[in-house]
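Understanding the architecture of this molecule
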Amino acid sequence: MPPAYIPLLLFSLLVLAFPVVTLIVFKYLRPGSRGGPAKFQPYECGILPETSTRGRYFARFYIIAMLFMILNVETIFLFPWAVLFRGWLAAHLAAFALLPMFVFLGVLLVGYVWLYKKGALDLA
Amino acid sequence: MLDSVIFYFFAGIAVVSAVLMITRRNAIHSAIFLITTLLATAGIFLQLRAEFLFISQIILYVGGIMVLFIFAIMLVRLDVPLPQIRSRTQKWIALLVALAVGLEAGVVIWLARKVPGQGLLIPNAAPADKLAPNTEELAKTLFGTYLLPFEIASVLLLVAMVGAVVMAKKRTDA
Amino acid sequence: MSPMLHSILAFVQTWWVELLCAVLIVLVVPLIAVYIVLVERKAMADMRARLGPMRVGPHGLLQPIADALKLLFKEDLIPDNADQFIFWLAPVLSMTAALTSMGAVAIGPWFQVARDINIGLLFVVGVGALGPFGIVLGGWASNNHYSIIGALRSTAQLISYETTAGFALVSGFLLAGTLNVRAIVETQRTDQAWYVFLAPVGFFTYLIAWIAETNRAPFDLPEAESELVAGYMTEYSGFRWSLYFLAEYANMIVVASVGTTLFLGGWLRPFPNVRWLAGLDAAPTLLLAAVGAYCVFRAGKQPARAQSMFMWAVAFGCFVVAAIFTLALPFSHLPLERMHDGLYGAFWFLLKVSAYIYIFMWLRFTLPRFRFDQLMRLGWHILIPLALVNVVDVGIALALSSEFGINRWVAMVITTAATLGAAMLLLHWNDKYAAAASAALLTDSSIAEDTHAG
């Protein structure tokens, strides 16, 4: 592991420990809880819930997640390109810097326009 | 030596999370342990000095695909523990396949231990502290040697976009 | 045993600055986050012509401490049928993601936990992308209809704006040419321009996308009180709720830090290369001395003795810090001059981050909330193409200025005008499309989609 990441690893363990330790410590410092079973019902503005929460929800959300996944991959491809862009320009490779990525983005733009027209992005 | 400790730390988390993932009854619990497995794998990438791959694993796999998984589990009501299908032959077939795979892996590791050099697959790897900055190197390779696969990847993503929407629409039109 | 101890000691000796920063972040950031809550309440009150919290401590300065103590000792309710493991895990996950992403942020050139890592800002963004998990798992685990709808909506909102956020960052990285945090600020110094002036549309999309990513108003539908009680946080009480809130404010700090580093020049003084403006170096001392003087002035007017003692203590603290800054002035051969870079850099960085966070608050108290479908339309129909066009235009501007020798600023103006033209076109098309879609819905009532399909 590059040595610079080891403090980061220790830091993330410390960050994980902070809420855990606080929760555990204060569980014993708190005064005890009192009250009947009504307190533990799920909150629905005073009425009892009628249906189970483990039901079905909008399928639209799943399509959004799929499209997000694809655009996420596209974004990840953009990062290495952005990092080398100015280097290519300095080496007078402007066409090489621009064209491959424009082709890539163009193909995905075609896809995006199709999605737009098809209505897949509505409430998406 | 520090490298070994860190490797065993991440590898241990990965293995334990994987075992927990396949033994949970609740699908969301399995998804959470899959997240920890993927994070531990990302840690192993980091340990091999592949920093960009580490962060890509986190952004794409954990941040993208696991969100998809969790949405799917929540939306299709998979989180209710399913009744198990018991079948006697199923157990024996599973045991046989597991033994076969384990035997293969053991044979490969045993044979490869005689390969000289620093690892099983990369006998001529560069020493760790002389590697060039990872993102720049990966970018140079991506846009140099692998430019055509990169462009084909865009077509692949286009196909995925169109396919996802067509399949989803078919359901709602029916 | 002893060689291991030796190697541990050697490690600590090499990395003690980073480890100290790590400990400081874990201890101090929650405290800073609760004080940002106080500033927000005061700013909210000020924009509505009232005073905000005034009782606890002078001018309400001890209000966050009182709130923190209350929340720590409050009862920890776990509802029936809630998934105990995930209910417990979700706020911890949110908090961990938010604070870990602070690790790669550099507050000034010396304060950074992950020193000079190659993927710098991408680490911050990537680990911050783990935040939605805490939300969706917490909402699901609560076994409450409001929670789960709020969680789904929130996650849908977060993933819709994450693409735009990525593209905005890409336009900044195009200018910077690197992902390393320190190198980004250095290139802004050598380019003699903050990147907000070279890529204003990029900064604008960054601002909007990350307001949506941190669930702040006007994009705060998932946690809006009038809509869903408290959305995914409904069943969380006491310290768990405060973990969610701390995670949200820590995310705000991280977003402000990334925006400052990439677009607002990081820890550079305004006009760092201009010699005749070197008088700006005195700004930290003067500012702190002014704040100290104001505290002294108010201390005499406090009604209670304890409160005026507190104000005197704050004034004293301000003067001490101002003295430290004076001792670290550059080219003055004063004792602390070596620490000039670190101290002044941290000051300018924190000033810019505070300005950015103030913009967050300002927008919260000025703009009404977006409806969910309006929010999604903005994200998918308008911002993603706009951010994409912006990336293309920044690339073209850089190529124009390097290949054809056009002045960099002229090229940027041209392409920014092109981007804004594209934005106008997008809005126009989107309006037409929305009108056509709603007209179609009104006339043809047989389009009844089964939204619960699956």
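Residues numbered from 1 in each chain as written. Chains lettered and ligands numbered in written order. Predicted model: local features only at pLDDT ≥ 70, side-chain atom pairs only at ≥ 80, totals over all residues. Heavy atoms only, no water.

**Some words on the overall build of chain A**
Counting its regular elements, chain A contains three helices and zero strands. When its helices and strands are written in sequence order, chain A yields α-α-α. Within chain A, the fraction of its 124 residues that count as buried is 52%. Counting every atom, chain A has about 5,800 Å² of accessible surface; 71% of that belongs to carbon and sulfur. (Helix = DSSP H or I, 4+ residues; strand = E, 2+ residues; numbered from the N terminus. Buried < 20%, exposed > 50% of the residue type's maximum accessible area, 1.4 Å probe, protein only. Areas by Shrake-Rupley, 256 points an atom, 1.4 Å probe, with all protein chains shown as cover.)

**Here we look at unusual backbone geometry**
All names here are of chain C. Unusually for a residue other than glycine, Ala49 sits at a positive phi of about 60°. Relative to the elements of secondary structure, Ala49 occurs in the loop between helix H2 (16–47) and helix H3 (63–73). In this structure, Gln192 is a non-glycine residue whose phi angle is positive, near 55°. As for its position among the elements, Gln192 is in the loop between helix H8 (181–191) and helix H9 (195–198).

**Observations concerning the confidence of the model for chain B**
Residue and element names in this part refer to chain B. Across chain B, pLDDT averages 83, with 80% of residues at or above 70. Model confidence for chain B, summarised as mean pLDDT per element, is weakest for helix H6 (residues 147–173) at 85 and strongest for helix H2 (residues 27–47) at 92. Here the predicted complex scores 0.88 on pTM and 0.87 on ipTM. (pLDDT = per-residue confidence, 0-100.)

**A short note on the interface of chain A and chain C**
Taken together, the contact pairs 68 residues of chain A with 92 residues of chain C. For the pairing of chain A and chain C, the buried interface totals around 7,300 Å² over both sides, and the portion due to carbon and sulfur atoms is 73%. The tally of links between chain A and chain C comes to two salt bridges. Here chain A is connected to chain C by eight residue pairs in polar contact (both at pLDDT 80 or more). Those elements that place two or more of their residues in the side of chain A that touches chain C are helix H1 (5–29), helix H2 (60–90) and helix H3 (94–118) of chain A. Considered class by class, the residues forming the side of chain A that touches chain C number 48 nonpolar, 10 polar and 10 charged. (Contact = heavy atoms within 4.5 Å. Buried area = accessible area lost by both parts, 1.4 Å probe. Salt bridge = Lys/Arg side-chain N within 4 Å of Asp/Glu carboxyl O. Polar contact = N/O pair within 3.5 Å; in protein donor to acceptor, adjacent residues only side chain to side chain. Nonpolar A, V, L, I, M, F, W, Y, C, P; charged D, E, K, R; others polar.)

**Notes on the environment of Ala129(C)**
Summarising the element assignment, Ala129(C) is placed in the loop between helix H5 (120–128) and helix H6 (131–141). Sequence spacing of Ala129(C) and Glu213(C) is 84 residues, and the spatial spacing of their C-alpha atoms is 9.1 Å. Each residue touching Ala129(C), except ones within four places of it in the same chain, is listed here: Gly63(B) and Glu162(C).

**Notes on helix H1 (residues 2–23) of chain B**
Over its 22 residues, H1(B) extends 32 Å from the first C-alpha to the last, a length consistent with the 32 Å expected when each residue adds 1.5 Å. Taken together, the buried positions of H1(B) are occupied by Ile6(B), Phe10(B), Ala11(B), Ala14(B) and Ser17(B). Summarising the axial view, the buried residues of H1(B) lie within an arc of 130°, below the 170-degree limit, and thus occupy one face. Opposite the buried face of H1(B), by more than 90 degrees, sit the exposed residues Tyr8(B) and Val15(B). Looking at the packing, one finds that the buried side of H1(B) touches H1 of chain A together with H2 of chain B. (Expected span 1.5 Å × (residues − 1). Arc of directions from axis to C-beta.)

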